[in-house]
Amino acid sequence: MIDASQRRYYVYFSLLVVVTLLTPIFAASFGAANIHLNDVLMIFNTLLGGDMPSAIDGSEHAVKITQRIVLELRLPRILLAFVAGAGLSIAGSVLQTVTRNPLADPYLFGISSGASFGAVLVVSLFSQTGLFAEMFSGVFTLAPNFTAQPWWSWSTLSIPIGAFIGASLSVLVVFMLSGPGRSSQVERMLLSGVATSFLFGALTSLLLYFSTPQAAASVLFWSLGSFAKASWSNLLLPSVTVGVSLLIMLTFRRQIMALQAGDETAHTLGINVAKLRLSMLLLCSLITAMLVATCGGIGFVGLMIPHTVRLLFSGRQPMILTAMLGGLFMVWIDVIARCVLFNQELPVGIITAALGSVFFLFILRQRR
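A quick note: this is a predicted structure, and the numbers were derived from the prediction, not measured.

On to the overall build of the protein chain, then. For the protein chain, the helix and strand inventory stands at 15 helices and 0 strands. Within the protein chain, buried positions represent 50% of all 368 residues. Long-range pairs, those at least 24 residues apart, make up 73% of the contacts in the protein chain between residues at least 6 apart in sequence. Accessible area of the protein chain: about 17900 Å², with a carbon and sulfur share of 67%.

Here we take up a nonpolar patch on the surface. Taken together, Val-18, Leu-22, Phe-26, Phe-30 and Trp-332 make up a surface patch of nonpolar side chains, about 420 Å² in accessible area. The dominant element in the nonpolar patch, judged by the number of residues it contributes, is helix H1 (residues 4-27), at 3 residues. For Val-18, the location among the structural elements is in helix H1. Overall, Val-18 belongs to the partly exposed group, its relative accessible area being 46%.

Applying the stated criterion across every chain, the model contains 7 aromatic pairs. Ring centres of Phe-30 and Trp-332 lie 6.2 Å apart, and the angle between their planes is 75 degrees; this geometry places the pair in the edge-to-face category. Of the two residues, Phe-30 is situated in the loop between H1 and helix H2 (37-47) and Trp-332 in helix H14 (residues 319-339); the sequence distance between them amounts to 302 residues. Here Phe-30 falls in the partly exposed class, since its relative accessible area comes to 35%.

One finds Phe-227, Met-249, Met-280, Leu-291 and Ile-298 to be the most contacted residues of the largest nonpolar core, which totals 83 residues. Among the elements that take part in this core, helix H3 (residues 60-98) stands out by supplying 16 residues, more than any other. Residues in contact with Met-280, not counting those within four places in the same chain, are Val-94, Val-98, Ile-248, Met-249, Phe-252 and Ile-256. Grouped together as the second largest cluster of nonpolar side chains are 9 residues, Leu-103, Phe-300, Phe-359 and Phe-360 included.

With respect to the element layout, Ala-28 can be found in the loop between H1 and H2. Taking C-alpha positions, Ala-28 is 7.6 Å from Ile-78, a pair spaced 50 residues apart along the chain.

Let us look at the packing of H1 against H14. The relative placement of two packed helices comes down to the angle between their axes together with the axis-to-axis distance. At a minimum axis separation of 10 Å, H1 and H14 run at an interaxial angle of 30 degrees. Considering their axes alone, H1 and H14 lie roughly parallel with respect to each other. Considering how the two elements wind past one another, H1 and H14 form a crossing that is left-handed. For the pair H1 and H14, contact is made by Tyr-9, Tyr-12, Phe-13, Leu-16, Val-17, Val-19, Thr-20, Thr-23, Phe-26 and Ala-27 and by Ile-320, Leu-321, Met-324, Leu-325, Leu-328, Val-331, Trp-332, Val-335 and Arg-338, respectively. For the contact of H1 with H14, the per-class residue count stands at 16 nonpolar, 2 polar and 1 charged.

Attention now moves to the packing of helix H13 (residues 301-312) against H14. The geometry of H13 relative to H14 is characterised by a closest axis approach of 10 Å and an angle of 125 degrees between their N-to-C directions. Between H13 and H14, the angle is such that the two are oblique. Crossing handedness for the pair H13 and H14: right-handed. Judged by residue contacts, Val-301, Met-304, Ile-305, Thr-308 and Val-309 of H13 engage Leu-321, Thr-322, Leu-325, Gly-326, Phe-329 and Met-330 from H14.

Turning next to the pattern of salt bridges. Tallied over the full model, the rule gives 6 salt bridges. Residue Asp-334 is joined to Arg-77 by a salt bridge in which the shortest nitrogen-to-oxygen separation is 2.9 Å. Linking Asp-334 in helix H14 with Arg-77 in helix H3, this pair joins segments that are 257 residues apart in sequence. Here Asp-334 falls in the buried class, since its relative accessible area comes to 0%. In this structure, Arg-277 engages Asp-263 in a salt bridge whose closest nitrogen and oxygen atoms are separated by 3.0 Å. Taken together, the residues span a long stretch of sequence, with Arg-277 in helix H12 (residues 273-295) and Asp-263 in helix H11 (residues 263-268) at a distance of 14 residues. Assessed through its relative accessible area of 18%, Asp-263 is described here as buried.

The next thing to look at is the confidence of the model for the protein chain. When pLDDT is averaged along the protein chain, the result is 83, and 84% of the positions lie at 70 or above. The weakest mean pLDDT in the protein chain belongs to helix H5 (residues 131-135) at 48; the strongest belongs to helix H9 (residues 236-251) at 95. Predicted confidence is poor over residues 135-148, with pLDDT under 50, and the contacts of this stretch with residues over four places away or in other chains come to 22 contacts.

On to unusual backbone geometry, then. One non-glycine residue, Arg-100, adopts positive backbone phi at about 50 degrees. As for its placement among the helices and strands, Arg-100 is situated in the loop between H3 and helix H4 (111-126). Here Arg-100 falls in the partly exposed class, since its relative accessible area comes to 22%. Residue Phe-300 is not a glycine yet carries a positive backbone phi of 75 degrees. Summarising the element assignment, Phe-300 is placed in the loop between H12 and H13.

Our focus in this paragraph is the environment of Leu-103. Looking at the secondary structure, you find Leu-103 in the loop between H3 and H4. When the C-alpha positions of Leu-103 and Leu-190 are compared, they lie 7.1 Å apart, and in sequence the two are 87 residues distant.

The next subject is the environment of Pro-106. Secondary-structure assignment places Pro-106 in the loop between H3 and H4. The sequence separation of Pro-106 and Ala-167 amounts to 61 residues, and the corresponding C-alpha distance is 9.1 Å. Pro-106 has contacts with Leu-88, Ala-91, Gly-92, Leu-95, Ile-111, Ser-112, Thr-288 and Gly-302, leaving out every residue within four places of it along the chain.

Calculation criteria
Residues numbered from 1 in each chain as written. Predicted model: local features only at pLDDT ≥ 70, side-chain atom pairs only at ≥ 80, totals over all residues. Heavy atoms only, no water. Helix = DSSP H or I, 4+ residues; strand = E, 2+ residues; numbered from the N terminus. Buried < 20%, exposed > 50% of the residue type's maximum accessible area, 1.4 Å probe, protein only. Contact = heavy atoms within 4.5 Å. Areas by Shrake-Rupley, 256 points an atom, 1.4 Å probe, with all protein chains shown as cover. Patch = residues over 30% accessible without salt bridge, like charges linked within 9 Å, V, L, I, M, F, W, Y side chains within 5 Å. Salt bridge = Lys/Arg side-chain N within 4 Å of Asp/Glu carboxyl O. Phe/Tyr/Trp six-rings, centres within 6.5 Å; stacked < 30°, edge-to-face > 60°. Core = buried A, V, L, I, M, F, W, Y, C linked by side-chain atoms within 4.5 Å. Axes fitted to C-alpha atoms, helices over the stretch in contact; angles between N-to-C directions. Parallel < 35°, antiparallel > 145°, perpendicular 65-115°, else oblique. Left-handed = near helix turned anticlockwise from the far one by under 90°. Nonpolar A, V, L, I, M, F, W, Y, C, P; charged D, E, K, R; others polar. pLDDT = per-residue confidence, 0-100.

So, in structure tokens, the structure goes:
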């Protein structure tokens, strides 16, 4: 017999599946160049094996231009935005569970700042426009040139590796500042995360100050967050990282949920609490690092979406639904970022920070 809570979950899940399938079609029609929904449908029909009409809006040239905008520019961007929103949402949800801190979030925890620092460090020092390249010009080239490269090349992997090291270091600093055995003290851990975020933010600014102008300009988007560099070539790594991480989290879902009852209760159930918590924190760091390396620092998504899901499903934390809702949220935030200003694009990090700060104040007021 299905109770009311399960029935509501199935209704919301079915609704989100339908919206997720329709969102790429509608989102692809918005942007600097307005494309009619019928034209988008025709282009998507070709992906399913249909024939491309001989003309869109009256000319064969328009067919090629519109098809290129949708398939090469907007569709990879929509998919990357969905992956980023899903990854940040499940990272925030797991962080809040394993630390028993309802205000935990990759951004507030300092993980995003640490990942940004690691990414900026690689670009500022080791890229073709970086400090080391300038000092040893003509001797060797170490790193990213921001052109299309195979996913296994050093140019492609160096920035995510640097971001992961920075994110992991930030987690270590937060727990050192929080003190041993203090994971249940929400305020202390939150303040530690804010302090760590400021620390790595200052280090990032210091790197940019001493960087070459070209390197500083190339990494500016890491402090704001953007999907403008989305392409099919840089979509594989974040998609695989988020997908595999989600599967691992689903595998350990029961153990993760057991931590909400307290470490002692989890121990009685045979769970190695310290190992599980460290593994999940590193997994959240990996997700955040990969997304920061690909699309910059985007804050508060991991705070807003898990809380919204908990409001809809009291006492439950469905990860699949959280990932879907986070992905849809980020896609439409990116649509707003593309359309809110005439002939300009607003970084998505600005919009999420504005929404997230209000949401954060709302949570603090509710807790009081």
